[in-house]
Amino acid sequence: MRTRNKIQKSNSKLQRFALGICVFLIGISSNAQCAMCRAALSGDSNIKKAEAVNDGIVYLMVIPYLLVAIIGYLIYSMYSKKKKAV
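J.: Explain the overall build of the protein chain to me, please; I cannot follow it from the model alone.
T.: In terms of helices and strands, the protein chain carries 3 helices and 0 strands. Helices and strands appear in the protein chain in the N-to-C order α-α-α. Each of the 86 residues in the protein chain was classed as buried or not, and the buried ones make up 3%. Of the roughly 8,600 Å² of accessible surface on the protein chain, 67% is carried by carbon and sulfur atoms.

J.: Would you mind going over the side chain of Ser77 with me for this structure?
T.: Among the structural elements, Ser77 can be located in helix α3 (residues 47–85). Polar side-chain contacts of Ser77 include one of 2.9 Å to the backbone oxygen of Leu74.

J.: Sorry if this is basic, but what is going on with the confidence of the model for the protein chain here?
T.: A low pLDDT means the predicted coordinates there should not be read in detail. Counting all residues, the mean pLDDT for the protein chain is 77, and 79% of those residues have values of 70 or more. At the level of individual helices and strands, the protein chain shows its lowest average pLDDT in helix α1 (residues 2–25), which scores 70, and its highest in α3, which scores 88.

Definitions and cut-offs
- Residues numbered from 1 in each chain as written.
- Predicted model: local features only at pLDDT ≥ 70, side-chain atom pairs only at ≥ 80, totals over all residues.
- Heavy atoms only, no water.
- Helix = DSSP H or I, 4+ residues; strand = E, 2+ residues; numbered from the N terminus.
- Buried < 20%, exposed > 50% of the residue type's maximum accessible area, 1.4 Å probe, protein only.
- Areas by Shrake-Rupley, 256 points an atom, 1.4 Å probe, with all protein chains shown as cover.
- Polar contact = N/O pair within 3.5 Å; in protein donor to acceptor, adjacent residues only side chain to side chain.
- pLDDT = per-residue confidence, 0-100.

Structure representation (structure tokens):
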């Protein structure tokens, strides 16, 4: 009976954690932008500048994901070599 309660409590904690992660990751639309960016990019004549800013944002976003992927791959390969050696 006690193990059943422990399992239910652990499942409850896991469900709360998963729900918290889901709530955190839900994208909420917003129109937030710094005043300098808004002033620099407003108007139809700044299309090239707006595209350059968007490209810069994508570039800055990709680098951390690549680093995490590379580190994850290195850790995975390290553990797989250890398992093969044992």
